[in-house]
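Fold and geometry: a report
Here is how the chains run, residue by residue.
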Amino acid sequence: MGLCAHFATAVAVAFAMLTGPAAAAGLKLHVPSPDWRDQIVYFVLTDRFADGEPRNNDQGAGEYGAGERDRYNGGDLQGLRQRLAYIRGLGATAVWITPPVANQWLAPGGVDAVHNAAHNAAHNAGYHGYWAENFMQVDRHLGNLADYRALSHALHTQGMFLVQDIVLNHTGDYFHYDGRWSAANPALGYTAHSLTRPVPRPSQRPFDRNDPRDPAQRALAIYHWTPDVSDYTDPHQELNFQMSGLDDLNTENPLVRQALRRSYGHWIRKVGVDAFRIDTAFYVPRDFLADFLHARDPSAPGIARVARHTGRRQFHVFGEGFGIDKPFDDRQARKIDGYMRPANGQPLLPGMLNFLLYGALGDAFARGRPTTELAHRITRMMQIHARPHLMPSFVDNHDVDRFLAGGSVAGLRQALLAMMTLPGIPVIYYGTEQGFTEQRAAMFAAGFGAGGRDHYDMQAPLYRDIARMAALRKAHRVFSRGRPTVLQANAAQPGVLAWSMAGAKASVKDTTLVILNTAESDHLADLATQWPPGTVLEGLHGLDAKPGRLVVGAHGRLMLRLPPRSGRVWRVTPKRAPVAAGLARISLDPLPSERVEDDFSVTGSVTGKLTHSAQGMQHLLLVVDGDLAAATPISPAADGRWQARVDTSAMADPELRHTLTAWAEGQAASTTRTFQINRPWRLVADVTDPAGDDTGPSGLSRAYTYPTDPSYGANRQMDLRGVKVFSAGGALRLDLQMHSVSSSWNPANGFDHVAFTVFIELPGREGGARVMPLQDASLPDGMRWHLRLRAGGWSNALFEADGASASAEGRPVTPGASIRVDAASQTVSLTVPAAALGKGATLSGARVYVTTWDYDGGYRALGTEAQPFAMGGGAAGQPKVMDASAVIVLP
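Just so we're clear, the structure is a prediction, and the values are computed from it rather than from any experiment. (Residues numbered from 1 in each chain as written. Predicted model: local features only at pLDDT ≥ 70, side-chain atom pairs only at ≥ 80, totals over all residues. Heavy atoms only, no water.)

**So, the pairing of strand β19 (residues 557–562)**
For the record, the criterion: Burial status follows relative accessibility: with a 1.4 Å probe on protein chains alone, a residue under 20% of its type maximum counts as buried, one over 50% as exposed, and anything between as partly exposed. Numbering of helices and strands runs from the N terminus, with a helix taken as a DSSP run of H or I at least four residues long and a strand as a DSSP run of E at least two residues long. The rule for pairing is simple: two strands pair if DSSP sees at least two bridges between them.
What you see with β19 is a clean split: Leu558, Leu560 and Leu562 sit on the buried side and Arg557, Met559 and Arg561 on the side with no burial. Pairing of strand β16 (residues 523–528) with β19 involves six bridges; the strand directions are antiparallel. Residue pairing for β19: aspartate 526 is matched across the bridge by methionine 559.

**Section: the sheet that holds strand β13 (residues 483–489)**
In plain terms, the rule: In this analysis, two residues are considered to be in contact whenever any of their non-hydrogen atoms come within 4.5 Å of each other. Under this scheme, a helix contributes an axis fitted over its contacting stretch, all axes are lines through C-alpha atoms, and angles between N-to-C directions fall in the 0 to 180 degree range.
Pairing within the open sheet is antiparallel, and its six strands lie in the order β13-β14-β15-β20-β17-β18. Looking along the sheet, the strands with just one partner apiece sit at the ends: β13 and β18 (550–551). Where strand β17 (residues 535–542) and β18 come together, two bridges link them in antiparallel fashion. In the strand pairing of β18, valine 536 is matched with valine 551. The strands that helix α15 (residues 461–475) touches are β17 and β20 (567–576); relative to β17, the one it contacts most, it runs at about 140 degrees.

**Topic: the pattern of salt bridges**
Inclusion rule: Salt bridge, as applied in this entry: a Lys or Arg side-chain nitrogen positioned within 4 Å of an Asp or Glu carboxyl oxygen.
Using the criterion set out here, one finds 52 salt bridges in the structure. Residue aspartate 208 is joined to arginine 209 by a salt bridge in which the shortest nitrogen-to-oxygen separation is 3.3 Å. We classify aspartate 208 as buried; its relative accessible area is 9%. Exposure remark for arginine 209: the relative accessible area of 23% places this residue in the partly exposed category. As a salt-bridge pair, aspartate 526 and arginine 557 come within 2.6 Å of each other at their nearest N and O atoms.

**Things to note about the sheet that holds strand β12 (residues 425–429)**
Adjacent strands of a sheet pair through backbone hydrogen bonds, lying either parallel or antiparallel. As summarised here, the arrangement of the eight strands in space is β10-β9-β8-β5-β2-β1-β12-β11, forming an open sheet in which the pairing is parallel. Of all the strands in the sheet, just β10 (351–352) and β11 (392–393) have a single pairing partner and so form its edges. Bridge analysis of strand β5 (residues 161–167) against strand β8 (residues 275–279) gives five bridges, and the strand direction is parallel. Counted as the bridge partner of glutamine 164 is phenylalanine 276 from β8. The strands touched by helix α14 (residues 409–420) within the sheet are β11 and β12, with β12 carrying the most contacts at an inclination of about 150 degrees.

**Observations regarding the layout of surface pockets**
One way to see where empty space is left: roll a probe the size of a water molecule over the atoms. Note the following rule: Think of a 1 Å grid over the protein atoms and nothing else: a 1.4 Å probe that fits but is trapped marks a cavity, an open set flanked by protein within 12 Å on at least five of seven lines marks a pocket, and residues with an atom within 4 Å of a point count as lining. Grid points are joined across faces, edges and corners, and a volume is the space filled by probe spheres set on the points.
A volume near 980 Å³ is recorded for the second largest pocket. Residue assignment for the lining of the second largest pocket shows that the elements contributing at least two residues are β18, β19, β21 (584–588), β27 (658–664) and β28 (668–669).

**Structural notes on the packing of helix α11 (residues 331–338) against helix α13 (residues 371–384)**
Basically, it comes down to this: Whether a crossing is left-handed or right-handed is set by the direction in which the near helix is turned from the far one by less than a right angle, anticlockwise for left-handed and clockwise for right-handed. Amino acids are sorted into nonpolar (Ala, Val, Leu, Ile, Met, Phe, Trp, Tyr, Cys and Pro), charged (Asp, Glu, Lys and Arg) and polar (every other residue, Gly among them).
Across the interface, α11 lies against α13 with an axial gap of 11 Å and an inter-helix angle of 35 degrees. As for the relative orientation of α11 and α13, their crossing is right-handed in sense. Side by side, α11 and α13 meet where Ala333, Arg334 and Asp337 of the first sit next to Arg377, Arg380 and Ile384 of the second. Classifying every residue of the contact of α11 with α13 by side-chain character gives two nonpolar, no polar and four charged.

**Topic: the confidence of the model for the chain**
To be explicit about the condition: Confidence per residue, as judged by the predictor, is encoded in pLDDT with a range of 0 to 100.
In this model, the chain carries a mean pLDDT of 92, and residues with pLDDT of at least 70 account for 93%. Confidence drops under a pLDDT of 50 for residues 1–23, and excluding neighbours within four residues, the segment shows 20 contacts in the predicted structure. Overall, residues 110–122 carries pLDDT values under 50, and its contacts beyond four positions in sequence, including any with other chains, amount to 19 contacts.

**Focus on the environment of glycine 872**
Note on placement: glycine 872 falls in the loop between β41 (847–853) and β42 (883–884). Taking relative accessible area as the criterion, glycine 872 reaches 0% and is therefore assigned buried. In this structure, the C-alpha to C-alpha distance between glycine 872 and tyrosine 704, residues 168 residues apart in sequence, is 5.5 Å. Residue contacts for glycine 872: discarding those within four places in its chain leaves Ala703, Tyr704, Thr705, Leu862, Gly863, Thr864, Glu865 and Ala866.

**Thoughts on the packing of helix α8 (residues 254–271) against helix α9 (residues 286–294)**
Our working definition: Every angle not falling under 35 degrees, over 145, or within 65 to 115 is termed oblique; those three ranges are roughly parallel, roughly antiparallel and roughly perpendicular.
Two elements in contact, α8 and α9, have axes whose closest approach is 10 Å; the angle formed by their N-to-C orientations is 45 degrees. Viewed along their axes, α8 and α9 adopt a mutual orientation that is oblique. Relative to α9, α8 is oriented so that their crossing is right-handed. Contact with α8, carried on its side by Arg257, Leu260, Arg261 and Tyr264, involves Asp287, Phe288, Asp291 and Phe292 of α9 and no other residues of that element. Class assignment of the residues belonging to the contact of α8 with α9 gives a composition of four nonpolar, no polar and four charged.

**Some points on the nonpolar core**
Here is the rule we go by: We call a set of buried Ala, Val, Leu, Ile, Met, Phe, Trp, Tyr and Cys residues a nonpolar core when their side-chain atoms join them within 4.5 Å.
By size, the foremost hydrophobic cluster in this structure holds 154 residues, and its most contacted members are Tyr42, Phe49, Ile87, Tyr148, Leu168 and Tyr264. Setting aside residues no more than four positions away along its own chain, isoleucine 87 makes contact with Tyr42, Phe49, Leu80, Ala92, Val95 and Met160. Ala685, Val725, Leu732 and Val848 belong to the second-largest nonpolar core, a separate cluster that totals 45 residues.

**Topic: unusual backbone geometry**
Between arginine 205 and the following residue, proline 206, the backbone shows a cis peptide bond with an omega angle of 0 degrees. You can see proline 206 is positioned in the loop between β7 (190–192) and α6 (215–220). Look at the link from threonine 814 to proline 815: it is a cis peptide, with omega at 0 degrees. The residue histidine 753 is not glycine, and still its phi comes out positive at about 65 degrees. Topologically, histidine 753 is positioned in the loop between β32 (731–738) and β33 (755–761). Classification of histidine 753 as buried rests on a relative accessible area of 2%. If you check the backbone angles, aspartate 776 has positive phi at about 55 degrees while not being a glycine. Within the element layout of this structure, aspartate 776 appears in the loop between β34 (771–772) and β35 (777–778).

Put into structure tokens, the structure is as follows:
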């Protein structure tokens, strides 16, 4: 839309605001709610998406910096409206924006140091929208109320919907405690941030009543007046303390509840918002959420009531509950589900973000974990949650690593296809369709991480992939309404994952089949379906090409070869085709034991006739864990008996259950047998590391210091005390002994406030790299790495050196490492599977180097003075290494 058209719309909106609802008829602000199950949401960090009005970029407080990671970059509501055709072309039906409300523009301290560039760089700006100073005003960087209403009108006229991110737990950071805090005397240790911009305290009543030194304000109790959370596992701190310095609202207070209902009801009435996403839902009491939605207060009714008054009968509200379960665990799933269950007779939130599925998708498609883990999550998702179809699902967002920061494009395509064909509301994070790897990069040329060019290419491969997947989902409602049944998963390694999706009536014509192969080699799909023999399946979608038809075989069995990293979708039809009579039957004898310690032999027989290939070879293979590339050819004797040897050299984990199948392609297969390996780990290196040397590299003029956030405390989580290296069956395990292991932020991987970067040089392999990506350093002792593992509380990524540089991590590798934590012994164990190291490769002469730092969407910053989440004692460009082992040479 041009400037003239924008001006005309703005004038129309402004006139409507002055003359009342009747004159606003030209704006389509209020529309009936859609069926949210059928929506596809595009999530934008507004400041980073599109700059439609450059004149609002710089408000003169030192908060703006074009191209800077932690400053306002210029994206706004007008720019978003101008790019709706791009979003709609992707297949999205709704746009979710980060909070548009007036924000604290620069974190405390940054305002005081506007003229000190080095110091100011350590402080973040509120470009993201989560540091509110007024919940009822549009932030001036984004535009004004007229711009917001124009966006709503444009969305609704195109059949799309508006989702607003909201914050109920806190405002910005206008005060802190200096360590002398007392619950009985909240004035003790209280310090106000008097130079905060644009105002010294929130401008909205009653949130401006934030000084407990004033008896009248203290009596109002608008805030909890507490210090920062130091332990997120403590429910009291979670609900009442400050999160990262953000001032915690007393949401038990009726005045606060009323003000928040009034504030967010305002956006529904005045703008026509269609849904809310609630930030940090875990940090407010559950009964507050019921009040927020359903309160009967005539002066400030619950927002569900406000929405119904505007004609929205299904106003959607979904919360953020950051919780990821370990494989086959459901504790976080049940906690998240608790926010969608009734409380005190009132229903709570209609939906919650599906963080559990997010974690499992990343494990399966980015890290190459056994697909049975994702299969379990799919099954439990349907069992635990009453309304899984209303839970937004995602593969990445603004608070976690981009998928492509540790996964491959092939893996991302599979993860997106899985999300689009499973229950839940798919959410596409802006830039995913353009292959972004940086968490909060900008789409427009002048923004951070944009490389000086715009990123709105509607012909980009991932853009076109997502558009095709969105069309598939829209054309077949079974994906948004049906229930999945897992038909096959690999318990030992990457491989096949298959599920059927059946509608409510469970009729054949309302059923689809989805099959993915997460491995880097051909794998065998062997499905026991409930469909009659001869049932015809028609191809609907393939990641690379539409698949051909399938015919269900005898006994409902369906077998096919799947290419690496493939994803295919079929529709079950009522059609029938003849089922070829089997010419041969294959048997696999029971195993002497399901627990083995080394290679072993198996036997079986073939009765009847096997056909031959064009090369004259019989198509009989012994397939281990579905991997056809590693299958062993079998030559039966004249009497049909056969024997084969099973190679277990690449197997080490005693908990994994492996499978064996004898298979003749297109003809027959045996019963599947299972076994587990019981191979001991052998200690090959034991290196101690000095205590207390977690102060950065030696030889620097100053020692590095830890971040100042209370959750770090004096725990020295980055102090490495020793490294033990073990090998078993070609796999490598590192037991990292630490000064302490903390988990105060409930990290998915069991530890936080430290990230390990492990470099492995493999003997006899050419190439490699000396650079330590993103750490401003190079490897010592002439070492060159071939594999690099980055493992933190929420990230786990393995890379090869191809393409690595100071700013690029290299090529993602699967299967990735596994992580285990023994808090009692302060040990973190990292296991790199043999498949990643090169099956059969010797580790004698390999070199290993371990470093510690911290990571959150990137290695944490280093400056002269420590900040809440940045290291001190150094300067930008110095090595991001807090502690490091010696270079360990394996015998």
